[in-house]
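# An overview of the molecular structure
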Amino acid sequence: MEIDFLIIGQGLAGTALAYRLEQLGQTFLLFDQPESNQSSRVAAGLYNPVTGRKMVRSWKAEELFPEIESFYSDLEHLTGRQFLTRQKIYRPFLSIEEQNEWMGHSSDPAIGMFIETIFTESQYPQMRDSFGGVLLRMSGWLNINEYLDGMAEYFSDRLRLEGFDETLLENTSDGWKYGTVFAKNIVYCNGLGASKSRFFSYLPFAPVKGELLEVAQDFDPDFIANRGVFRVPLSKGIYRVGSTYTWHDLETGPTETAKSEILAKLQDLVRVPVTEVKSHKTGIRPATKDRKPFLGKHPREDSVYIFNGFGAKGVSLTPFFSKMMADYLIKSQPISAEVNIARYFKYI
């Protein structure tokens with residue numbers, strides 16, 4: 001079999017890039033082990049234009065967010081599945097000062113484009129929002145498992161559900177031989193697996209462990225609540241809540257410490273008690289030292305590339321950057337310097 005690209009990993013990154021390459025007429029083969037693909041499949045799937053304790057606009061939000069909904073909508077049509085939920089996010093204010101600051105933000109086009117409504121008094125007795133809050137648009141969540149399963153079905157004739165063994169990869173004059181496959185190029189989209197590759201072990205991955213709960217709670221608004229933790233409606237009365245961030249104890253599973261932390265923060269957001277914890281999951285995110293993804297070509301191997309390092313924001317980052325990466329691969333268009341792996345070549 002002769003192909004243009006061998007893509008390692010069918011998580012959020014590999015799936016998006018494969019679709020972009022297909023649109024450009026390229027042939028490819030995907031290698032993936034779904035049971036090992038925890039960083040994508042355990043992720044919350046939230047896309048949120050305003051993040052962090054200080055409620056700041058997400059990095060490059062004005063470029064990234066207009067791309068998100070059209071991208072996933074196209075793939076819903078392609079697969080005949082529904083996996084994107086467009087849903088506003090409500091973030092309570094913690095003070096009058098913060099309320100006033102956001103009134104000022106509303107006149108800034110870069111932030112105002114994401115503001116639906118600013119409230120200056122409590123809207124919900126079930127929530128701790130004494131100072132009101134901001135309702136954000138261009139937000140929602142992706143059912144990642146439904147998305148990846150749908151795209152795996154779509155790519156079924158080009159998907160190998162088996163582990164990739166780099167030791168079997170042979171360099172040839174025309175690219176790479178892997179068993180009976182001859183590929184002109186290879187792209188590593190396999191999360192932290194790329195950190196073990198002989199090509200990209202020098203890149204500063206900074207894996208982050210995150211834990212999530214699914215809880216039962218009797219408060220059913222039509223928005224995602226987000227302050228300290230996010231609370232995403234899955235079905236009536238059931239919510240996904242998280243997440244923790246830790247750079248330690250990466251090998252341990254779900255912890256009682258994280259569970260207690262999430263539940264405490266949820267009570268700081270929603271007054272209604274949790275009646276049951278339905279599940280407790282954990283995953284290791286392929287984050288990077290500077291919190292920017294890794295895109296680009298290996299400095300010495302002309303046909304070896306990486307599209308990786310999206311951390312906790314793969315849902316919002318991969319639609320935009322998969323187009324950038326595909327245009328670089330096929331049209332020789334430049335990769336933005338802030339995400340190009342050339343920024344780390346001095347460490348090789």
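Read on for an overview of the structure. All values derive from a computational prediction rather than experimental measurement.

## Observations concerning the sheet that holds strand E3 (residues 46-47)
Pairing is antiparallel in the open sheet, where three strands are placed in the order E3-E10-E6. Because the sheet does not close on itself, it has two edges, and the strands there are E3 and strand E6 (84-86). Relative to strand E10 (residues 140-142), E6 runs antiparallel, the two being bridged by three bridges. Bridged to Leu84 within E10 is Leu142.

## Section: the packing of helix H1 (residues 12-23) against helix H6 (residues 144-154)
Packing of H1 against H6 leaves a shortest axis separation of 11 Å and a crossing angle of 40°. The angle between the axes of H1 and H6 places the two elements in the oblique class. Crossing handedness for the pair H1 and H6: left-handed. Residue-level contacts link Leu12, Thr15, Ala16, Tyr19 and Glu22 of H1 to Ile144, Tyr147, Leu148, Met151 and Tyr154 of H6. Of the residues that constitute the contact of H1 with H6, the class distribution is eight nonpolar, one polar and one charged.

## Details of the sheet that holds strand E7 (residues 89-92)
Either a parallel or an antiparallel arrangement is found when strands of a sheet pair, and the pairing is made through backbone hydrogen bonds. If you trace the eight strands from one edge of the open sheet to the other, you get E8-E9-E7-E16-E17-E18-E15-E19, paired in mixed fashion. Among the strands making up the open sheet, the edge pair consists of strand E8 (115-119) and strand E19 (274-285). Taking the axes of each pair of neighbouring strands and ignoring which way they run, one obtains an average angle of 20° across the sheet. In this structure, E8 lies alongside strand E9 (residues 133-136), joined through four bridges in antiparallel fashion. Opposite Phe119, over in E9, you have Gly133 as the bridge partner. Running at roughly 145° to E8, helix H4 (residues 96-105) makes contact with E7, E8, E9 and strand E16 (224-227) of the sheet. In this fold helix H7 (residues 256-269) packs onto E7, strand E15 (208-217), E16, strand E17 (229-235), strand E18 (238-242) and E19, with an angle of close to 55° to the strand it touches most, E15.

## A look at unusual backbone geometry
Looking along the chain, the bond that leaves Gly242 and enters Ser243 is cis, with omega of 0°. By secondary structure assignment, the location of Ser243 is in the loop between E18 and H7. Even without a glycine there, the phi angle at Arg291 is positive, about 65°. Within the element layout of this structure, Arg291 appears in the loop between E19 and strand E20 (294-297). Given a relative accessible area of 67%, Arg291 falls into the exposed group. Even without glycine at this site, Ser332 takes up a positive phi of about 60°. Relative to the elements of secondary structure, Ser332 occurs in the segment after helix H8 (314-331).

## Looking at the environment of Gly314
Counting through the fold element by element, Gly314 comes out in helix H8. Taking C-alpha positions, Gly314 is 7.8 Å from Ser40, a pair spaced 274 residues apart along the chain.

## Remarks on the pattern of salt bridges
Across all of its chains, the model carries 22 salt bridges by this definition. A salt bridge links Arg343 to Asp290; the nearest nitrogen and oxygen atoms lie 2.8 Å apart. Taken as a pair, Arg343 in the segment after H8 and Asp290 in the loop between E19 and E20 lie far apart in primary sequence, 53 residues in all. What makes Asp290 partly exposed here is its relative accessible area of 27%. The residue Lys323 makes a salt bridge to Asp327 at a minimum N-O spacing of 3.1 Å. With Lys323 and Asp327 both in helix H8 and four residues apart, this pair spans about one turn of that helix. Accessibility expressed as a relative area gives 39% for Lys323, which makes it partly exposed.

## Quick look at the environment of Ala337
Within the secondary structure, Ala337 sits in the segment after H8. For Ala337, a relative accessible area of 64% translates into the label exposed. Spatially, the C-alpha atom of Ala337 lies 29 Å from that of Asp32, the residues being 305 residues apart in sequence.

Calculation notes
- Residues numbered from 1 in each chain as written.
- Predicted model: local features only at pLDDT ≥ 70, side-chain atom pairs only at ≥ 80, totals over all residues.
- Heavy atoms only, no water.
- Pairing = 2+ DSSP bridges.
- Helix = DSSP H or I, 4+ residues; strand = E, 2+ residues; numbered from the N terminus.
- Axes fitted to C-alpha atoms, helices over the stretch in contact; angles between N-to-C directions.
- Parallel < 35°, antiparallel > 145°, perpendicular 65-115°, else oblique.
- Left-handed = near helix turned anticlockwise from the far one by under 90°.
- Contact = heavy atoms within 4.5 Å.
- Nonpolar A, V, L, I, M, F, W, Y, C, P; charged D, E, K, R; others polar.
- Buried < 20%, exposed > 50% of the residue type's maximum accessible area, 1.4 Å probe, protein only.
- Salt bridge = Lys/Arg side-chain N within 4 Å of Asp/Glu carboxyl O.

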